Amino acid sequence: MLNIVIFGAPGSGKGTQSERIVAKYGINHISTGDVLRAEIKNGTELGKTAKSYIDQGQLLPDALIIDILASTLDGFKESKGVIFDGFPRTIAQAEALKKMLAERGQQVSVMLDLDVPEEELMTRLIKRGQESGRADDNEETIKKRLVVYHSQTAPLIDWYKAEGLYAHIQGLGELETITADICKAIDSVQ
Ligand code: AMP
């Protein structure tokens, strides 16, 4: 079982690289952001709650997102593994993921930290907002999301280092080069 955490600030390329990893390794993909955006689109109660947090650039409460993650995970049958994209985002979520996988006799194989300079993140996200119309990709919300990333999510770097699962990936450069570096890191833990 290959359980990959793809990690990085908003705009670091997690979604793009996840698609490539899924195509190469045939594993399932969980993007908590995509799950929440689908709920918003479908006008569900969860979607309404999610929207109030997402529009403010804030994280949803851990308990809520952990529940969503668990039910998505249970939906994967005969899976070769999973790439976790946008989860965990707090230490509590990382601990919950560790427990969830342990209950299934599994563990995280590697955490890939896509490292991209802040200026580049801002440029990419503003461009994505213009192209996709994603509501939280506007300058004001992006700034809030980056603050949240630094205060609540970045501490996971040290957490995964302590677990011995951390892999640094240079997230700036050619898409192909970044994918090749990611594959090297994955293949070294297989
Ligand atoms: P993303 O598409 O991963 O950038 O997520 C978009 C937004 O969804 C975030 O800014 C949060 O408001 C919310 N979200 C996604 N994943 C999580 C998570 N693991 N924990 C809390 N909130 C999340």
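Please refer to the structure placed before this passage.
These notes cover the structure that comes with them. (Residues numbered from 1 in each chain as written. Predicted model: local features only at pLDDT ≥ 70, side-chain atom pairs only at ≥ 80, totals over all residues. Heavy atoms only, no water.)

1. A short note on helix α1 (residues 14-25)
Piece 1. In this model α1 runs 16 Å from its N-terminal to its C-terminal C-alpha over twelve residues, within 8% of the 16 Å that 1.5 Å per residue would give.
Piece 2. Listed as buried for α1 are Lys14, Gln17, Ser18, Ile21 and Tyr25. All buried residues of α1 project into a common sector of 105 degrees when viewed along the axis, lining one side. Exposed residues lying more than 90 degrees from the buried face of α1 are Glu19 and Ala23.
Piece 3. Of the surrounding elements, those touching the buried residues of α1 are β1 (2-8), β2 (28-31), β3 (81-85), β4 (110-115) and α9 (175-187). (Helix = DSSP H or I, 4+ residues; strand = E, 2+ residues; numbered from the N terminus. Expected span 1.5 Å × (residues − 1). Buried < 20%, exposed > 50% of the residue type's maximum accessible area, 1.4 Å probe, protein only. Arc of directions from axis to C-beta. Contact = heavy atoms within 4.5 Å.)

2. A few points about the site of the ligand
Piece 1. In the vicinity of the ligand there are 16 residues, among which Thr32, Arg37, Gln58, Gly86 and Gln93 approach most closely.
Piece 2. A distance of 2.9 Å separates an oxygen atom of the ligand from a polar side-chain atom of arginine 37.
Piece 3. The contact in question runs from a nitrogen atom of the ligand to an N or O atom on the backbone of glycine 86, over 2.9 Å.
Piece 4. Looking at side-chain class alone, the shell around the ligand contains six nonpolar, five polar and five charged residues. (Near = heavy atom within 4 Å. Polar contact = N/O pair within 3.5 Å; in protein donor to acceptor, adjacent residues only side chain to side chain. Nonpolar A, V, L, I, M, F, W, Y, C, P; charged D, E, K, R; others polar.)

3. Observations regarding the pattern of salt bridges
Two side chains with opposite charge may pair up if their charged atoms get near one another.
Piece 1. Applying the stated criterion across every chain yields a total of 16 salt bridges.
Piece 2. For arginine 104, the salt bridge identified is with aspartate 74, shortest N-O distance 2.5 Å. Separated by 30 residues along the polypeptide, arginine 104 in the loop between α5 (91-103) and β4 and aspartate 74 in helix α4 (residues 62-74) bring together distant segments of the chain.
Piece 3. Note on arginine 104: relative accessible area 31%, which makes it partly exposed.
Piece 4. The salt bridge involving aspartate 137 is made with arginine 134; its shortest N-O contact spans 3.9 Å.
Piece 5. Through salt bridges with shared partners, a single network forms among Arg128, Arg134, Asp136, Asp137 and Arg145. (Salt bridge = Lys/Arg side-chain N within 4 Å of Asp/Glu carboxyl O.)

4. Brief notes about the pairing of β1
Piece 1. Counting buried residues along β1, seven of its seven residues qualify, which places the element largely inside the surrounding structure.
Piece 2. Side chains of β1 alternate between two faces, with Leu2, Ile4, Ile6 and Gly8 and Asn3, Val5 and Phe7 buried alike.
Piece 3. The pairing of β1 with β4 spans five bridges and is parallel. Pairing of isoleucine 6 across the sheet is with leucine 112, part of β4. (Pairing = 2+ DSSP bridges.)

5. Re the nonpolar core
Piece 1. By size, the foremost hydrophobic cluster in this structure holds 36 residues, and its most contacted members are Val5, Phe84, Leu97 and Tyr160.
Piece 2. Where this core is concerned, the elements lending two or more residues are β1, α3 (45-54), α4, β3, α5, α6 (118-132), α7 (139-153) and α8 (156-162).
Piece 3. Setting aside its immediate chain neighbours within four residues, leucine 97 contacts Val5, Leu69, Phe84, Phe87, Pro88, Val108 and Tyr160.
Piece 4. If you look at the next biggest cluster of nonpolar residues, it comprises 17 residues, including Ile6, Leu112, Leu114 and Ile169. (Core = buried A, V, L, I, M, F, W, Y, C linked by side-chain atoms within 4.5 Å.)

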